[in-house]
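Each chain is listed here by its residues.
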Amino acid sequence: MTTEDAVTTEAVESLRGTDDPRLREVLAALIRHLHAFARETRLTQREWETAVAFLTATGQTCTDTRQEFILLSDVLGLSMLVETVNGHSDPGGTESTVLGPFHMTESPVRELGADIDLVGTGEPCVVSGVVRSADGTPLPGAVLDVWQADPHGFYDVQQPDVQPPGNGRGLFTADGEGRFWFRTCVPSAYPIPTDGPVGALLKATGRHPYRPAHIHFIVSAEGHAPVTTHIFVAGGDYLDSDAVFAVKESLVKDFTPTDDPALAGEFGMPNPFRHARFDLVLERS
């Protein structure tokens, strides 16, 4: 008679011929943990079938512009855990956070100071800062990939008939002193998509789907480890209950109301406007 432990042992032993040692290690750990989960919860056949159907539906929901599996990883806290496990060792470096499911298209190359809000329906703001190495040295030519939702909480890929391609996105190169700046609109809190399996899971567990207002960044520079991060709007809703657990205090910044005609003219903004300062520090690779 096959015992519960024997099934686990046999499954792990089946990996002995795996050439890649890291693949063997990860799969063996996955098998052990999955089997331990099934034993701990006394998983029923019907529950197993429901789980398989849920994962199948999750895959079927994925498209070229929607990644339901990343969304699932996000709401289970796995994405944030992986970010934390692989976090930077230098305490002075900019903290990372989740990639999110909407980094689906290549951001258009834009000049410093360009406006990524192509529809112009939000409250105007400027985001500016300096990219530096951990020792404080500016990083000329650092590349910043930026993307955000529109003021109604939708990304361009979610509304191809409403938003022009590339709305809310930009690929910027810092100047000779590591400085960057771009125009946009103040982001708003928004719900993650709830019309698929992940939404059904949130509903079943009594959780809300909202993310606090934020702008995404991936920042890279030669000789340095890239960082995937956000800037969150201070004082906004859901900072203490982000649906994907991604808020870090160091990433919460003021979008300061600014009444300065000279500065507005320098940035090419109407006056008054909102201004967020977000300096970024990269670790050497």
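Report on the accompanying structure. Predicted model only: the values in this text are computed from it and were never measured.

1. Some thoughts on the pattern of salt bridges
Right, so step 1: Taken as a whole and judged by the stated rule, the model has 13 salt bridges.
Right, so step 2: Arg42 is the salt-bridge partner of Glu4, the closest N and O atoms lying 2.7 Å from each other. Here Arg42 lies in the loop between α2 (21-41) and α3 (45-61) and Glu4 lies in helix α1 (residues 4-13), a separation of 38 residues in the sequence.
Right, so step 3: Between Arg179 and Glu177 there is a salt bridge; the shortest N-O distance is 3.7 Å.
Right, so step 4: Through salt bridges that share partners, Arg66, Glu68 and Asp195 make up one connected network.

2. Description of the packing of aromatic side chains
For any pair of aromatic rings, geometry is given as the distance between the ring centres together with the angle between the planes.
Right, so step 1: Inspection of every chain in the model, using the stated rule, returns 8 aromatic pairs.
Right, so step 2: Here Phe267 and Phe273 contribute two aromatic rings whose centre-to-centre distance is 6.4 Å and whose plane-to-plane angle is 75 degrees, an arrangement assigned as edge-to-face.
Right, so step 3: Ring pairs connect the aromatic residues Phe172, Phe180, Phe182, Phe217 and Phe278, which therefore count as one cluster.

3. Things to note about the nonpolar core
Right, so step 1: Membership of the largest hydrophobic core comes to 29 residues, with the highest contact counts inside it found for Val127, Val131, Leu144, Phe217 and Phe255.
Right, so step 2: At the level of secondary structure, the elements contributing two or more residues to this core comprise β1 (124-133), β2 (143-147), β4 (179-185), β7 (214-220), β8 (227-233) and β12 (280-282).
Right, so step 3: At 4 residues, β8 tops the list of elements feeding residues into this core.
Right, so step 4: Discounting residues that sit within four places of it in the chain, Phe255 has contacts with Cys125, Val127, Val186, Pro187, Ile215, Ile231, Phe232, Val233, Arg274, His275 and Ala276.
Right, so step 5: Ranked by size, the runner-up nonpolar core spans 10 residues in total, among them Leu72, Val75, Ile192 and Ala246.

4. Structural notes on the sheet that holds β8
Right, so step 1: What the 5 strands build is an open sheet, ordered β3-β2-β7-β8-β9; its pairing is mixed. Each of the sheet's edge strands pairs with one partner strand only, and the pair in question is β3 (169-173) and β9 (252-253).
Right, so step 2: Pairing between β2 and β3: 5 bridges, direction antiparallel. Bridging from a neighbouring strand, Val143 pairs with Thr173 of β3.

5. Brief notes about the environment of Pro261
Right, so step 1: For Pro261, the position within the fold is in helix α7 (residues 261-267).
Right, so step 2: A residue is classified by how much of its surface remains accessible, and Pro261, at 58% relative accessible area, is exposed.
Right, so step 3: Spatially, the C-alpha atoms of Pro261 and Phe273 are 9.6 Å apart, while their sequence positions differ by 12 residues.

6. Details of helix α4 (residues 68-75)
Right, so step 1: With respect to burial, α4 is a largely interior element, 6 of its 8 residues being buried.
Right, so step 2: Every buried residue of α4 is accounted for by Glu68, Leu71, Leu72, Ser73, Asp74 and Val75.
Right, so step 3: Elements that come into contact with the buried residues of α4 comprise α3, α5 (78-85) and α6 (197-204).
Right, so step 4: With a side-chain oxygen lying 3.0 Å from the backbone nitrogen of Phe69, the N-terminal cap of α4 falls on Gln67.
Right, so step 5: Positive phi shows up at Gly77, right after α4, with a value of about 80 degrees.

7. Examining the environment of Phe180
Right, so step 1: Summarising the element assignment, Phe180 is placed in strand β4.
Right, so step 2: Each C-alpha atom, one on Phe180 and one on Gln163, is 25 Å from the other, the two residues being 17 residues apart in sequence.

8. Some points on the packing of α3 against α4
Right, so step 1: In the contact formed by α3 and α4, the axes pass within 7 Å of each other and the chain directions differ by 125 degrees. Our classification of the angle between α3 and α4 gives oblique. Contacts between α3 and α4 involve Phe54, Leu55, Thr58, Gly59 and Thr61 from the former and Glu68, Phe69 and Leu72 from the latter.
Right, so step 2: A per-class count over the contact of α3 with α4 returns 4 nonpolar, 3 polar and 1 charged.

What counts, and where the lines are drawn
Residues numbered from 1 in each chain as written. Predicted model: local features only at pLDDT ≥ 70, side-chain atom pairs only at ≥ 80, totals over all residues. Heavy atoms only, no water. Salt bridge = Lys/Arg side-chain N within 4 Å of Asp/Glu carboxyl O. Helix = DSSP H or I, 4+ residues; strand = E, 2+ residues; numbered from the N terminus. Phe/Tyr/Trp six-rings, centres within 6.5 Å; stacked < 30°, edge-to-face > 60°. Core = buried A, V, L, I, M, F, W, Y, C linked by side-chain atoms within 4.5 Å. Buried < 20%, exposed > 50% of the residue type's maximum accessible area, 1.4 Å probe, protein only. Contact = heavy atoms within 4.5 Å. Pairing = 2+ DSSP bridges. Polar contact = N/O pair within 3.5 Å; in protein donor to acceptor, adjacent residues only side chain to side chain. Axes fitted to C-alpha atoms, helices over the stretch in contact; angles between N-to-C directions. Parallel < 35°, antiparallel > 145°, perpendicular 65-115°, else oblique. Nonpolar A, V, L, I, M, F, W, Y, C, P; charged D, E, K, R; others polar.

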